[in-house]
Amino acid sequence: MKLTSRARFSTVCLHAGQDPDPATGAIVTPIYQTSTYVQQELGRHKGYEYGRTQNPTRMALERNLAAIEGGPAGFAFASGMAAIGAIATMLRSGDHVVVSDNTYGGTFRLFDKVLTRYQLSFSYVDTSKLDEVERALTPATRMLFVETPTNPVMRLTDLRAAADLAHHHNVRLVVDNTFASPCIQRPIELGADIVTHSTTKYLNGHSDSIGGIVIAVRGDDIEWLRFVQNAEGAILSAFDSWLVLRGTKTLPLRMQQHSANGLALAEYLSAHPKVKHVYYPGLPTHPQHELAKRQMHGFGGMLAFELGSLDAARRLLNAVRLHALAESLGGVETLISHPATMTHASVPAETRARIGITDGLVRISAGIEDVEDLKEDLSQALDQV
Ligand SMILES: *Cc1c(COP(=O)(O)O)cnc(C)c1O
């Protein structure tokens, strides 16, 4: 199972980072459930000293995810937020960060409620408009933190142009690639310095683990992240690492079905008389459809649509049977949610209004069920609206 440098994406997902177990030949990397390692003699060991610092299952996942994103090294954390917290330790007091205004709610909470206590400052701008990003840059700006597509209104940022702008100002481009998954979008190929994921979503893909990953390109960043992962200790457990490794083996297959179902549902909803608008980058009506075709390979499983009122949204959400009413995304089961009262409830009302998160907006994370069953469920639920 030696990978050549030419190995294609699904081969990399399946095999990268994992050799047969040296002790037994087990094809699956075992769960090394151990806190410590016995040393052969004083000062001589096999490269493993303590479970927080090194764990073979976690390190296999880190190699696997780094290869999938096309970066030299990755570091796995106990959650997506722990991963973003580790990235934030690259900042020093006085530094400034420009952030997508429609960023994940937990990221906003960490930046706004925790990190502002440490003399760090953040500007939230529509990163789909790079002139707004450029205006927000100051001599203290160290990082441009971007999500694309954004949650839930699917606005895109041109990653190559954002990388060029950031580098021109000596700023790191950090991309939270959770929403797209590396199957659909690989920011490092477009110039990003750091990519992060909540592995909880598409990478694990089975709604049964919480985790995060940071993949870095620059040597000094890699050295710092390795140090901080051990120093702060918010590591991903061996068992969760094993689950995510199982997940990435089928990532390309799952994403194919997520994308096919996402597109089919977006088309179905666009044609429905009770739906006022559909947000999905794969629709020719999406204002950035050309950019989506250029920087994404497929359009993913996330979509949102406007029903016009809270009452209409409530009727639909209470009538669905196959769609599960739940937060989160990226699992094999189709989830449906109400951003204004669920995932984005902590976003101030005027910000919600500016971004387009209305009371009538509904979000779907398309799973991998037969899409005809999903359409039938939406059809009977829309009859209640
Ligand atoms: C879920 C999510 C996170 C946070 O990840 P956790 O694993 O829940 O801590 C960060 N960014 C995005 C885009 C997410 O969807």
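Everything numeric in this text was worked out from a predicted model, so none of it was measured. (Residues numbered from 1 in each chain as written. Predicted model: local features only at pLDDT ≥ 70, side-chain atom pairs only at ≥ 80, totals over all residues. Heavy atoms only, no water.)

Visitor: When you look at the nonpolar core in this model, what are you seeing that I'm missing?
Guide: Among the nonpolar cores identified, the biggest contains 82 residues, and L144, L173, L269, F305 and I364 are the most heavily contacted of them. The biggest single contributor to this core is helix 9 (residues 251–270), with six residues. When residues of this core are assigned to domains, at least three map to each of domain 1 (9–249) and domain 2 (251–382). Discounting residues that sit within four places of it in the chain, F305 has contacts with L269, V275, H277, V278, Y279, L316, G360, L361, V362 and I364. If you look at the next biggest cluster of nonpolar residues, it comprises 26 residues, including A86, L110, V174 and L225. (Core = buried A, V, L, I, M, F, W, Y, C linked by side-chain atoms within 4.5 Å. Buried < 20%, exposed > 50% of the residue type's maximum accessible area, 1.4 Å probe, protein only. Helix = DSSP H or I, 4+ residues; strand = E, 2+ residues; numbered from the N terminus. Domains from an automatic or database assignment. Contact = heavy atoms within 4.5 Å.)

Visitor: Honestly, unusual backbone geometry in this entry has me stumped. Any pointers?
Guide: Backbone geometry follows two general trends: most residues other than glycine have a negative phi, and most peptide bonds adopt the trans configuration. In this model, T148 is joined to P149 through a cis peptide bond whose omega is -5 degrees. Along the chain, P149 turns up in the loop between strand 4 (141–147) and helix 6 (159–168). Here the residue pair N151 and P152 is connected by a cis peptide bond, since its omega of 0 degrees sits within 30 degrees of zero. The phi dihedral of M154 is positive, around 60 degrees, even though this residue is not glycine. You can call M154 buried: its relative accessible area is 2%.

Visitor: Teacher, can you tell me more about the pattern of salt bridges here?
Guide: For side chains of opposite charge, pairing can occur when their charged atoms come near one another. Overall, the coordinates contain 16 salt bridges when judged by the stated rule. The shortest N-O distance in the salt bridge between D101 and R155 comes to 3.5 Å. A residue pair is termed long-range when its members are at least 10 positions apart, and D101 in the loop between strand 2 (96–100) and helix 4 (105–114) and R155 in the loop between strand 4 and helix 6 qualify at 54 residues. Comparing D101 with R155 shows no difference in burial state: the two are buried. The partner of D220 in a salt bridge is R172, with the nearest N and O atoms 3.7 Å apart. Within this pair, whereas D220 is found in helix 7 (residues 219–232), its partner R172 is found in strand 5 (residues 172–176), the two being separated by 48 residues in sequence. Judged by its relative accessible area of 42%, D220 is partly exposed. For R172, a relative accessible area of 17% corresponds to the buried category. (Salt bridge = Lys/Arg side-chain N within 4 Å of Asp/Glu carboxyl O.)

Visitor: Sorry if this is basic, but what is going on with the site of the ligand here?
Guide: Taken together, 13 residues form the shell around the ligand, and within it G80, D176, S198, T200 and K201 come nearest. Within the backbone of G80, a nitrogen or oxygen atom sits 2.9 Å from an oxygen atom of the ligand. The contact in question runs from an oxygen atom of the ligand to an N or O atom on the side chain of K201, over 2.8 Å. (Near = heavy atom within 4 Å. Polar contact = N/O pair within 3.5 Å; in protein donor to acceptor, adjacent residues only side chain to side chain.)

Visitor: Even after reading the chapter, I still don't get the domain arrangement of the chain, so can you show me in this structure?
Guide: How big an interface is tends to be reported as the loss of accessible area on association of its parts. What the domain assignment lists for the chain is domain 1 (9–249) and domain 2 (251–382). Between the C-alpha centres of domain 1 and domain 2 the distance comes to 26 Å. Counting residues at the interface gives 38 residues for domain 1 and 37 residues for domain 2. In total, domain 1 and domain 2 occlude about 3100 Å² of area from one another, counting both sides; carbon and sulfur atoms represent 62% of this. For the domain 1 face of the interface with domain 2, the top three residues by lost area are L156, I184 and Y202, together amounting to 25%. The interface formed by domain 1 and domain 2 includes two salt bridges. On inspection of domain 1 and its partner domain 2, the count reaches 16 residue pairs in polar contact (both at pLDDT 80 or more). When residues of the side of domain 1 that touches domain 2 are traced back to their parent elements, those giving at least two are helix 1 (9–15), helix 6 and helix 8 (238–249). (Buried area = accessible area lost by both parts, 1.4 Å probe.)

Visitor: Is there a simple way to think about the sheet that holds strand 12 (residues 361–365) in this case?
Guide: To summarise the sheet geometry, strands pair through backbone hydrogen bonds and adopt either a parallel or an antiparallel arrangement. Read from one edge of the open sheet, five strands run 8-9-12-11-10, paired in mixed fashion. Two strands close off the open sheet at either side, each with one partner strand: strand 8 (277–279) and strand 10 (324–325). The pairing of strand 10 with strand 11 (residues 335–337) spans two bridges and is parallel. Directly across from L325, in strand 11, lies its bridge partner I336. (Pairing = 2+ DSSP bridges.)

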